[in-house]
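The lines below spell out each chain.
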Amino acid sequence: MIPGPVENSPEVLMELGKPPISHMDPQFAEIFGEALRNLRKVFQTTGQPFVVAGSGTLAMEMSLVNVIEKGERVLIISNGVFGDRFVDICARYGYEYDLLRATLGDCVSLDEISEKMDERDYKAIMVTHVDTSTGVRVDVEAMGKLIKKSNALFIVDDVCGTGGEMMKMDEWNVDVVFTGSQKGLGIPPGLAITAFSERALEAWEKRKTPVPSYYCDIGLWKPVMEAYENGEAKYFATPATNMICALGVSLKILLREGIEERVRRHRIVGEAFREAVRAMNLNILPKNDEIAANTLTVISLPNGIEDSMLRAEVRKRGVVLAGGLGELAGKTTRIGHIGLVDGNDVFATIGALEGALQTLGHEFEVGKALEVVSKKLLEL
Ligand SMILES: *Cc1c(COP(=O)(O)O)cnc(C)c1O
């Protein structure tokens with residue numbers, strides 16, 4: 001129960017166990033092409049998806065480095081550790097940046113963003129949909145509306161959202177969206193996935209300088225993606241064939257369930273975890289439920305309960321949770337519930353947490369969280 005890598009379905013694991021086929025094989029071209037078309041459905045865009053070998057961080061880098069040039073100014077909206085990672089990447093590539101950073105557990109207000117936008121023109125504005133360190137989710141739709149008033153490109157880190165939270169890339173005015181394979185898509189780590197809008201592709205075309213990263217250059221990958229979508233193989237760098245076949249399977253599972261239904265399931269599971277945390281006399285880190293993600297729950301620990309102790313006790317009961325990140329290390333425990341998570345996972349996790357908290361001497365009404373959860377899960 002960590003926010004990635006998550007459990008994989010048997011169908012995905014079977015696919016991964018097959019012998020690798022040639023990246024030039026027509027059969028692979030068909031699989032890759034279908035995966036690209038299905039990614040378009042998942043991101044709800046007519047833009048261009050790219051799938052390359054790498055992790056979410058490479059997808060992040062690829063999203064920035066193609067559309068922003070050295071010396072150009074960007075606005076970074078950070079709600080935690082992953083928002084701050086934008087800062088490091090921007091500094092590394094020599095971008096000028098302004099940073100709006102929320103207090104931990106909160107998100108930056110639209111007014112603050114609007115004020116900054118009045119002061120300056122930005123080449124791009126970037127935000128994390130769900131920051132995996134704080135469990136805070138931002139309103140991408142509202143932000144997109146605001147950013148549309150300017151010429152800035154809107155870049156969204158959806159690594160902890162895709163496959164669990166809604167993403168309507170075109171309708172919400174998002175120009176670049178990216179994710180990794182090991183979170184809501186339910187395959188192992190290893191794929192960096194991005195999608196670029198028409199405007200983002202134009203920004204690449206109008207560059208005055210070459211993309212400073214060879215592997216990340218979408219100019220080199222675009223003909224490859226287009227060829228595969230046309231059912232033809234084309235080589236630039238060897239694609240992670242087995243992983244792409246597994247991605248194909250996981251996208252079919254996702255679309256079989258349906259995006260609306262999948263988001264609804266995550267919402268109910270998210271609500272169940274938040275109610276359960278409170279029933280165990282604990283609090284969540286996000287300031288209110290409106291900005292709390294449905295893909296993970298970040299528990300703000302009281303004095304006297306240390307994250308590593310709590311997780312060790314939970315682990316003895318067969319459930320693996322994640323620790324706090326950055327400034328929140330030691331003070332928060334994170335429950336990931338993204339991907340294939342179901343009611344059984346919720347019961348098992350809450351049961352293990354109740355047991356662990358009793359062992360650690362935390363005061364709460366034993367059994368109440370399980371009762372709360374069993375009611376909530378009737379909605380599933
Ligand atoms: C996991 C994560 C990343 C980084 O992905 P890696 O696959 O670990 O490189 C970036 N942003 C968010 C929001 C994440 O959850």
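A quick note: this is a predicted structure, and the numbers were derived from the prediction, not measured.

Undergrad: In this structure, what is going on with the site of the ligand? I would like to understand it.
TA: Inspection of the region around the ligand gives 13 residues, with S55, T57, T132, D157 and K183 positioned closest. In the model, an oxygen atom of the ligand is placed 2.8 Å from a nitrogen or oxygen of the G56 main chain. Note that an oxygen atom of the ligand is positioned 2.4 Å from one of the side-chain N or O atoms of T132. Against a free-state accessible area of 380 Å², the protein chains account for coverage of 89% of the ligand. Elements that contribute at least two residues to the shell around the ligand include exactly α3 (56-65) and α4 (81-92). By residue class, the composition of the shell around the ligand is four nonpolar, six polar and three charged.

Undergrad: Is there a simple way to explain the packing of aromatic side chains in this structure?
TA: Describing an aromatic ring pair means giving the distance of the ring centres and the angle of the ring planes. With the rule as written, the count across this model stands at nine aromatic pairs. Pairing F28 with F32 gives two aromatic rings, centres 5.6 Å apart and planes at 50°, and the pair type is tilted. Of this pair, F28 and F32 both sit in helix α2 (residues 26-43), separated by four residues, roughly a single helical turn. Take F28 and F32: they sit in the same class, and that class is buried. Look at Y214 and F236: their rings are 5.5 Å apart centre to centre, the planes differ by 75°, and that puts the pair in the edge-to-face class. Here Y214 is found in the loop between α7 (198-205) and α8 (218-229), whereas its partner F236 is found in the loop between α8 and α9 (241-257), with 22 residues between them in sequence. What links up through ring pairs into an aromatic cluster is the set Y214, Y215, W221 and F236. Seen from the ring of F82, K183 lies directly overhead, with NZ or CZ sitting 5.5 Å from the centre.

Undergrad: Explanation requested: the domain arrangement of the protein chain in the structure shown.
TA: The figure often quoted for interface size is the accessible area lost as the parts come together. Segmentation of the protein chain into domains returns domain 1 (10-257) and domain 2 (259-379). Each of domain 1 and domain 2 has a C-alpha centre, and the two are 28 Å apart. Taken together, the contact pairs 30 residues of domain 1 with 25 residues of domain 2. Taking both sides of the interface into account, the surface hidden between domain 1 and domain 2 amounts to around 2,400 Å²; carbon and sulfur atoms contribute 58%.

Undergrad: I would appreciate a short explanation of the sheet that holds strand β13 (residues 332-336) in the present structure.
TA: The strands making up a sheet are joined through hydrogen bonds of the backbone, oriented either antiparallel or parallel. Ordered in space as β10-β11-β13-β12, the four strands form an open sheet in which the pairing is antiparallel. The sheet is open, and its two borders are formed by β10 (283-284) and β12 (322-323), each paired with just one other strand. Here strand β11 (residues 296-300) pairs with β13 via five bridges, running antiparallel. In the strand pairing of β13, I299 is matched with T333.

Undergrad: Would you mind showing me how to read the sheet that holds strand β9 (residues 191-196) here?
TA: Taken in spatial order, the seven strands make up an open sheet running β1-β9-β8-β7-β4-β2-β3, and their pairing is mixed. Here the strands that pair on one side only, and so sit at the sheet edges, are β1 (48-53) and β3 (96-101). For this sheet, the mean angle separating the axes of adjacent strands, direction not counted, is 15°. Pairing of strand β2 (residues 73-78) with β3 involves six bridges; the strand directions are parallel. When the sheet's bridge partners are listed, V74 is paired in β3 with Y97. Strands β2, β3, β4 (124-128), β7 (153-157) and β8 (176-180) of the sheet are contacted by α4, whose axis makes an angle of about 160° with β2.

Undergrad: Is there a simple way to think about the pairing of β13 in this case?
TA: Remark: a regular strand shows side chains that alternate across the two faces of the sheet. Counting buried positions over the five residues of β13 gives five, a clear majority of the element. With two bridges joining them, β12 and β13 adopt antiparallel strand pairing. Considered in β13, the bridge of A322 is made with R334.

Undergrad: Can you help me understand the nonpolar core in this one?
TA: The nonpolar side chains of a soluble globular protein tend to be buried with one another. Counting residues in hydrophobic clusters, the biggest one holds 89 residues, and the most contacted among them are M126 and L247. Considering every element that reaches this core, the biggest residue donor is α9, with nine residues. Leaving out residues up to four positions away in the same chain, L247 has contacts with A35, L39, V51, L185, I187, L191 and I193. With 30 residues, the next largest nonpolar core counts F273, A276, L357 and L377 among its residues.

Undergrad: Got a minute to help me understand the side chain of N38 in this structure?
TA: Within the element layout of this structure, N38 appears in helix α2. On the accessibility criterion, N38 (7% relative accessible area) is buried. Setting aside residues no more than four positions away along its own chain, N38 makes contact with L251, K252 and L255.

Undergrad: Help me understand the pairing of β4 in this model?
TA: Of all the five residues making up β4, five are buried; the element is thus mostly covered by neighbouring parts of the structure. Side chains of β4 alternate between two faces, with A124, M126 and T128 and I125 and V127 buried alike. Bridge count for β4 against β7 is five bridges, and the pairing is parallel. Bridged to V127 within β7 is V156.

Undergrad: Looking at this structure, I do not really get unusual backbone geometry. What am I missing?
TA: A negative phi angle is the norm for most residues apart from glycine, just as the trans form is the norm for most peptide bonds. For the bond running from G4 to P5, omega is -5°, close enough to zero to count as cis. For P5, the position within the fold is in the segment before α1 (10-16). Phi is positive for Q44, which is not a glycine, with a value near 55°. Structurally, the position occupied by Q44 is in the loop between α2 and β1. According to the relative accessible area criterion, Q44 is partly exposed, its value standing at 28%. Its identity is not glycine, yet N173 carries a phi of approximately 65°, on the positive side. Mapped onto the elements of the fold, N173 is located in the loop between β7 and β8.

Conventions we followed
Position numbers for residues count from 1 along each chain, tracking the sequence in the order it is written. With the structure being a predicted model, the display of local features is reserved for residues of pLDDT at least 70 and the display and counting of side-chain atom pairs for 80 or more, all residues being used for whole-chain, interface and lining totals. For side-chain calculations, the full set of non-hydrogen atoms in the structure is used, while hydrogens and water are omitted. Here, proximity means that at least one heavy atom of the residue falls within 4 Å of the molecule or strand. Under the rule applied, a polar contact is a pair of N or O atoms within 3.5 Å (in protein, one hydrogen donor and one hydrogen acceptor; residues adjacent in sequence only if both atoms are side-chain atoms). To be clear on the numbers: accessible area is Shrake-Rupley with a 1.4 Å probe, and residue cover counts the displayed protein chains and nothing else. Secondary structure counts use DSSP, requiring at least four H or I residues in a row for a helix and at least two E residues in a row for a strand, with both numbered from the N terminus. Three residue categories are used. Nonpolar comprises Ala, Val, Leu, Ile, Met, Phe, Trp, Tyr, Cys and Pro, charged comprises Asp, Glu, Lys and Arg, and polar comprises the others, including Gly. Stacked, tilted and edge-to-face are the three classes applied to pairs of Phe, Tyr and Trp rings, where Trp contributes its six-membered ring and a pair requires centres within 6.5 Å; stacked means planes under 30 degrees apart, edge-to-face means over 60, and tilted covers the rest. The rule is simple: take the accessible area with a 1.4 Å probe, protein chains only, and divide by the maximum for that residue type; under 20% is buried, over 50% is exposed, in between is partly exposed. Only when the NZ atom of a Lys or the CZ atom of an Arg is both within 6 Å of the ring centre and within 35 degrees of the ring normal do we say a charge sits over the ring. Annotation comment: domain bounds sourced from an automatic or database domain assignment. Any two residues whose heavy atoms approach within 4.5 Å at even a single point are treated as in contact. The buried area of a pairing is the accessible area, by a 1.4 Å probe, that goes missing from both parts when the two are put together, added over both. When DSSP locates at least two bridges between a pair of strands, those strands are taken to pair. To define axes, lines are fitted to C-alpha atoms, for helices over the stretch in contact only, and angles between the resulting N-to-C directions are given on a 0 to 180 degree scale. For this analysis, a nonpolar core means a set of buried residues of the types Ala, Val, Leu, Ile, Met, Phe, Trp, Tyr and Cys, connected via side-chain atoms within 4.5 Å.

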